[in-house]
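The lines below spell out each chain.
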Amino acid sequence: MPIATPLKTRHWDRLGNGGLTFTELGFGTAPLGNLYRAISDDDAHALLERAWQAGVRTYDTAPLYGLGLSETRLNRFLRDKPRDDYVLSTKIGRLLKATTPDQRDGFGKWFDVPARNEVYDYTYNGVMRSLEFSMERLGVHRIDMVFAHDLDLFNRGSQEVLDAAINELMNDGGYKALSELREQGVIKAFGAGVNEWQSCQTLTERGDFDIFLLAGRYTLLEQEALDSFLPLAESRGIGLLVGGPYNSGILATGARPGAFYNYDPAPADVMAKVEQIERVCADHKVRLVDAAFQFPLRHPTTVSVIPGGQGLAEMESNLQAAQATIPDGLWADLKSQGLMRTDAPT
């Protein structure tokens, strides 16, 4: 059934170029790339159509997601949608190279996907080729935002490897390519899509970035980004799309056996903290998932929250969370009990 009221939107215009209007609930399409399990084309399409019917107009994808599958599934969905009616982002940093099915990347992570190998490339030509290939897979003539993908320790494994990748982006033409595309009006904004706020801060200090997609690092469980990055972003008018608002699941499911945190089974200390947060939410008759979704929207840099989800039930839950009203007393109790930073905007 359609939800009763329209989804809220936020307009952001850092550069005075007209900016972009985001729905507070965005659609992260990694699950449409058959992340951890395969879903059919029709089920993926039904999920996208349900989101559109409910008013979702912010969509994020990447070549990595299903080794191109997420982008091609978006192609079918977006084909009859007016281009000015939605905001679309994709990512650069990986080119996809055809290979044999037994040699493809992503076994155990991506299921029933094209036979491709990932080739990291943050150079000028790499950025231009990646964007061209993405537009072909998506079937669009314009992409609004481009994010440099996975410039973080989580994906690179060592500071040395990460530093080399950032230096390639900044020194070997990738940053120049993104700047030119923005200046020419081909894209409205660029930034990075990462799992660590530290990388956002490093890039902000080294260049003129517009917007970041930060996954899992500004949530009910984690607010360390308030120390330095978020104040810096706010001072520069930088926008923030919050991915992973449920920290890989535990803030949606609660502290139940098998709950996931940061892509792995949740450790005991995280389980204990979530149990405490759940009790405060219960006292205020608020779903944990509603509080988790609404919390990052309280920060002035946030333009959209982008949870994942492969099924209609998860989509309905996200729609409910986007419409939820959270009493001020809940935030006050979380702060007074030491479960949230006192300087977190609420």
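Position numbers for residues count from 1 along each chain, tracking the sequence in the order it is written. At least 70 in pLDDT is required for a residue's local features to be given in this predicted model, at least 80 for side-chain atom pairs to be given and counted, and no such filter applies to totals for whole chains, interfaces and linings, which use all residues. Only hydrogens and water are set aside; all other atoms, that is, all heavy atoms of the structure, feed into the side-chain values.

Here's the deal with empty space enclosed by the protein
1) Next: Both cavities and pockets are sets of points on a 1 Å grid over the protein atoms alone; in a cavity a 1.4 Å probe fits but cannot get out, in a pocket the set is open with protein on both sides within 12 Å along at least five of seven lines, and lining residues sit with an atom within 4 Å of a point. Grid points are joined across faces, edges and corners, and a volume is the space filled by probe spheres set on the points. Enumeration over the complete set of coordinates arrives at 1 cavity of 30 Å³ or more.
2) Next: Approximately 70 Å³ is the volume attributed to the largest cavity.
3) Next: Along its surface, the largest cavity is lined by L25, G26, F27, G28, V56, P307, G308, G309, E314, M315 and N318.
4) Next: Elements supplying a minimum of two residues to the lining of the largest cavity: β3 (27-28) and α12 (312-323).
5) Next: When residues in the lining of the largest cavity are grouped by element, the largest group, 3 residues, is from α12.
6) Next: Under the convention adopted here, Pro, Cys and the residues Ala, Val, Leu, Ile, Met, Phe, Trp and Tyr are nonpolar, Asp, Glu, Lys and Arg are charged, and Gly plus all remaining residues are polar. Among the residues making up the lining of the largest cavity, the classes are represented as 5 nonpolar, 5 polar and 1 charged. We count a stretch as a helix when DSSP gives it H or I for four or more residues in a row; a strand needs E for two or more, and each element gets its number in order from the N terminus.

Concerning the pattern of salt bridges
1) Next: Any Lys or Arg side-chain nitrogen located within 4 Å of an Asp or Glu carboxyl oxygen qualifies as a salt bridge. Tallied over the full model, the rule gives 21 salt bridges.
2) Next: Note that D210 and R14 form a salt bridge whose closest N and O atoms lie 2.6 Å from each other. Highlighted residues: D210 in the loop between α7 (197-206) and β10 (211-215) and R14 in the loop between β1 (9-12) and β2 (20-23), separated in sequence by 196 residues.
3) Next: The salt bridge involving R217 is made with E222; its shortest N-O contact spans 2.8 Å. No difference in accessibility class separates R217 from E222, as the two residues are buried. For every residue, the accessible area (1.4 Å probe, protein chains only) is compared with the maximum for its type, and the residue is labelled buried under 20%, exposed over 50%, or partly exposed between those bounds.

Concerning helix α8 (residues 229-236)
1) Next: Along α8, the positions that sit buried rather than exposed are F229, L230, L232 and A233. Projected onto a plane normal to the axis of α8, the buried residues spread over an arc of 160° and lie on a single side.
2) Next: We call two residues in contact when some of their heavy atoms are within 4.5 Å. Of the surrounding secondary structure, the elements contacted by the buried residues of α8 are α7, β10 and β11 (239-243).
3) Next: Just downstream of α8 lies G237, where phi reads positive at about 75°. What the arc covers is the set of directions going from the helix axis to the C-beta atoms.

Let's talk about the side chain of D150
1) Next: Following the sequence through the fold, D150 ends up in the loop between β8 (145-149) and α4 (153-156).
2) Next: In this structure the side chain of D150 is engaged in a polar contact, spanning 2.8 Å, whose partner is the side chain of R94.
3) Next: In protein, a polar contact requires one atom able to donate a hydrogen and another able to accept it; more generally it is a pair of N or O atoms within 3.5 Å, and residues adjacent in sequence count only if both atoms are side-chain atoms. Reaching out from D150, the side chain makes a polar contact with the side chain of H149 at a distance of 3.5 Å.
4) Next: When neighbours within four sequence positions are excluded, D150 is seen to be in contact with L64, R94, Y122, N155, R156, G193, V194 and N195.

Considerations on the packing of helix α5 (residues 159-171) against α7
1) Next: Angular values range over 0 to 180 degrees, each being the angle between N-to-C directions of two axes fitted as lines to C-alpha atoms, with helices fitted over their stretch in contact. The contact between α5 and α7 brings their axes to 12 Å, and the two run at 35°. Considering the relative orientation of α5 and α7, their crossing is right-handed. Counting all contacts with α5, which are made through L162, I166, N167, L169, M170 and N171, the residues of α7 involved are S199, T202, L203 and R206.
2) Next: Counted by class, the contact of α5 with α7 contains 5 nonpolar, 4 polar and 1 charged residues. What makes a crossing left-handed is the near helix being turned counterclockwise from the far one by less than a right angle; a clockwise turn instead makes it right-handed.

Quick notes on the packing of helix α11 (residues 288-297) against α12
1) Next: Orientation of α11 relative to α12, taken along the N-to-C sense of each, is 60°, at an axis distance of 8 Å. Where α11 crosses over α12, the handedness of that crossing is right-handed. Within the contact between the two elements, α11 uses V289, D290, F293 and Q294 and α12 uses S317, Q320, A321, A322 and Q323.
2) Next: Residues that form the contact of α11 with α12 fall into these classes: 4 nonpolar, 4 polar and 1 charged.

Examining the layout of surface pockets
Empty space among the atoms becomes apparent when a probe as large as a water molecule is rolled across them.
1) Next: When its volume is computed, the second largest pocket comes out at roughly 280 Å³.
2) Next: G19, L20, T21, V87 and D144 are the residues nearest the centre of the second largest pocket, which is lined by 21 residues in total.
3) Next: Counting residues per element, the lining of the second largest pocket draws most heavily on β2, at 3 residues.
4) Next: Class assignment of the residues belonging to the lining of the second largest pocket gives a composition of 6 nonpolar, 7 polar and 8 charged.

So, the environment of P257
1) Next: For P257, the location among the structural elements is in the loop between α9 (250-253) and β12 (260-261).
2) Next: On a C-alpha basis, the gap between P257 and M271 in space is 9.1 Å, while along the polypeptide they are 14 residues apart.

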